[in-house]
Amino acid sequence: MATTTSKQTNAAPTGPAAAAMISSSIGVFFIGFFTTAAGIIPGLGSFLNWWDPAGNLTGKTGLSIIIWLISWAVMNNKWKNENYDLGKAFNITIALIVLGLLLTFPPIFQIFE
Amino acid sequence: MSLSFREFWAVAHGMTLGALFLLAFAGGLAGLYSYRAGLLTVDGIRERLPRIKWGTGLMAVVAWLTVISGTYIVYPWYRAKAPEGTADLAAFPRSFLKANASIAGWHNFGMEWKEHVAWFAPILATAVAYLIWKYGPQLAENDRLRKMAMILFVIAFATAAIAGLFGALITKAAPVM
């Protein structure tokens, strides 16, 4: 007969889960944002060219990772002992991932190049 | 029968790490899907958790190794500029693809999408691995959080699959040599 562990553990607050999900989607959103913005904002493509052999892909992804990690640290610090609405966090996460996907889709970002 | 240095890295990036990634994803997803208090005994939950933790953790690590090796080792060979007047562009895949209208789409669409979307996978896979390591047995009871982790895990895999598929097709059209 199946049993559960419901009485064995104290539920951890959901804030850290929300922080991890939302911050990851912020990271992927910014990959899309920089991909599209590099074609719109003069000079941004050159600014993001951190290593010439791989071009501005290095800056687009490098800066996005920095933003992801900072946003994760900030949100986690703020919500680590709180319960955050997971449904809301997940909706924000999916919305930002979809936006990130759209902004990295060549037929979209190449409109601005 | 031999591989050049560049071919070795292309294989390591695309096939070796790709196969590990697939393996880790399959194991992680199967584990997460059935990680439900209603289906498992206390011992079952305890026994399964390390496998899910290491499966999702391995997927995240492999995803990072794949995008880093792709971007910083293989991609520079792909995008190297051919010297002025070079007639044979076979050693310069991007130039080779762009010079032929019938196959230019592999670069203009395939590589342009692949190089960006591939980076979604390690970020999302890291978030999923964190959820598993942080919440552990609680996930077996919190069906909502478990399903959210599963969806993010599948999206991470899907973005890597897009990158992997285009990587294989582009390599077929213009291999890094």
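Keep in mind it's a predicted model, so treat the numbers as computed, not measured.

Let us now look at the interface of chain B and chain A. Listed as interface residues are 41 residues of chain B and, on the opposing side, 50 residues of chain A. Taking both sides of the interface into account, the surface hidden between chain B and chain A amounts to around 3,800 Å²; carbon and sulfur atoms contribute 74%. Three residues, H116, F120 and I123 of chain B, lead the burial of chain B against chain A; their summed loss comes to 17% of the area buried on that side. On the surface where chain B and chain A come into contact, there are seven residue pairs in polar contact (both at pLDDT 80 or more). Taken together, the residues that form the side of chain B that touches chain A break down as 25 nonpolar, nine polar and seven charged.

We now examine helix α1 (residues 15-37) of chain A. Taking 1.5 Å per residue as the helical rise, α1 of chain A with its 23 residues ought to reach 33 Å, and the 31 Å between its terminal C-alpha atoms agrees with that figure. Where burial is concerned, most of α1 of chain A is hidden: 21 out of the 23 residues are buried.

This part is about the packing of helix α1 (residues 5-33) of chain B against helix α2 (residues 42-79) of chain B. All names here are of chain B. Put simply, α1 and α2 touch, their axes get as near as 8 Å, and they point 155° apart. Taken as axis vectors, α1 and α2 run roughly antiparallel relative to one another. By crossing handedness, the relation of α1 to α2 is classed as left-handed.

Time to look at the layout of surface pockets. For the largest pocket, the calculated volume is near 890 Å³. For the largest pocket, the lining is made up of 39 residues, of which H13, G14, K114, G164 and G167 of chain B are closest to its centre. Mapped onto the lining of the largest pocket, the elements with two or more residues apiece are α1, α2, α4 (105-117), α5 (120-135) and α7 (143-173) of chain B. Considered class by class, the residues forming the lining of the largest pocket number 27 nonpolar, nine polar and three charged. The space that makes up the second largest pocket amounts to roughly 260 Å³. Lining the second largest pocket we find 17 residues, and of these N56, K60 and E113 of chain A together with E112 and E115 of chain B sit closest to its centre. Those elements that place two or more of their residues in the lining of the second largest pocket are α3 (57-79) of chain A together with α2 and α4 of chain B. Among the elements that take part in the lining of the second largest pocket, α4 of chain B stands out by supplying four residues, more than any other. Looking at side-chain class alone, the lining of the second largest pocket contains five nonpolar, six polar and six charged residues.

Moving on, we come to the environment of F21 of chain B. Relative to the helices and strands, F21 of chain B resides in helix α1. For the pair formed by F21 of chain B and G55 of chain B, sequence separation is 34 residues and the distance between their alpha carbons is 9.5 Å.

Mapped onto the fold, T58 of chain A is located in helix α3. In this structure T58 of chain A comes out as buried when scored by relative accessible area, which is 1%. Of the polar contacts made by the side chain of T58 of chain A, one reaches the backbone nitrogen of W51 of chain A; its length is 3.4 Å. Setting aside anything within four residues of it in sequence, one finds T58 of chain A in contact with L48, N49, W50 and W51 of chain A together with Y72 of chain B.

Bringing the nonpolar core into the picture now. The nonpolar side chains of soluble globular proteins are, as a tendency, buried together. Judged by nonpolar contacts, the single largest core of 76 residues is most densely connected at M21 of chain A together with Y35 and M59 of chain B. When residues in this core are grouped by element, the largest group, 13 residues, is from α2 of chain B.

Residues and elements named next belong to chain B. Applying the stated criterion across every chain, the model contains four salt bridges over all chains. Linking D43 and R46 is a salt bridge whose minimum nitrogen-to-oxygen distance equals 3.2 Å. On the criterion of helical spacing, the pair formed by D43 and R46 is a turn pair, its members being three residues apart in helix α2. Put simply, K147 and D143 hold a salt bridge, and the shortest N to O gap is 3.2 Å. Here K147 and its partner D143 are both found in helix α7, four residues apart, which amounts to about one turn of the helix. Since its relative accessible area comes to 44%, K147 is described here as partly exposed. A relative accessible area of 31% means that D143 is categorised as partly exposed.

Attention now moves to the confidence of the model for chain B. Averaged over every residue, the pLDDT of chain B is 93; the share at 70 or more is 100%. Prediction confidence for the complex, expressed as pTM and ipTM, is 0.93 and 0.92 respectively.

Conventions we followed
Residues numbered from 1 in each chain as written. Chains lettered and ligands numbered in written order. Predicted model: local features only at pLDDT ≥ 70, side-chain atom pairs only at ≥ 80, totals over all residues. Heavy atoms only, no water. Contact = heavy atoms within 4.5 Å. Buried area = accessible area lost by both parts, 1.4 Å probe. Polar contact = N/O pair within 3.5 Å; in protein donor to acceptor, adjacent residues only side chain to side chain. Nonpolar A, V, L, I, M, F, W, Y, C, P; charged D, E, K, R; others polar. Helix = DSSP H or I, 4+ residues; strand = E, 2+ residues; numbered from the N terminus. Expected span 1.5 Å × (residues − 1). Buried < 20%, exposed > 50% of the residue type's maximum accessible area, 1.4 Å probe, protein only. Axes fitted to C-alpha atoms, helices over the stretch in contact; angles between N-to-C directions. Parallel < 35°, antiparallel > 145°, perpendicular 65-115°, else oblique. Left-handed = near helix turned anticlockwise from the far one by under 90°. 1 Å grid on protein atoms, 1.4 Å probe; cavity = no way out; pocket = protein on both sides within 12 Å on 5 of 7 lines; lining within 4 Å. Points joined across faces, edges and corners; volume = space filled by probe spheres on them. Core = buried A, V, L, I, M, F, W, Y, C linked by side-chain atoms within 4.5 Å. Salt bridge = Lys/Arg side-chain N within 4 Å of Asp/Glu carboxyl O. pLDDT = per-residue confidence, 0-100.

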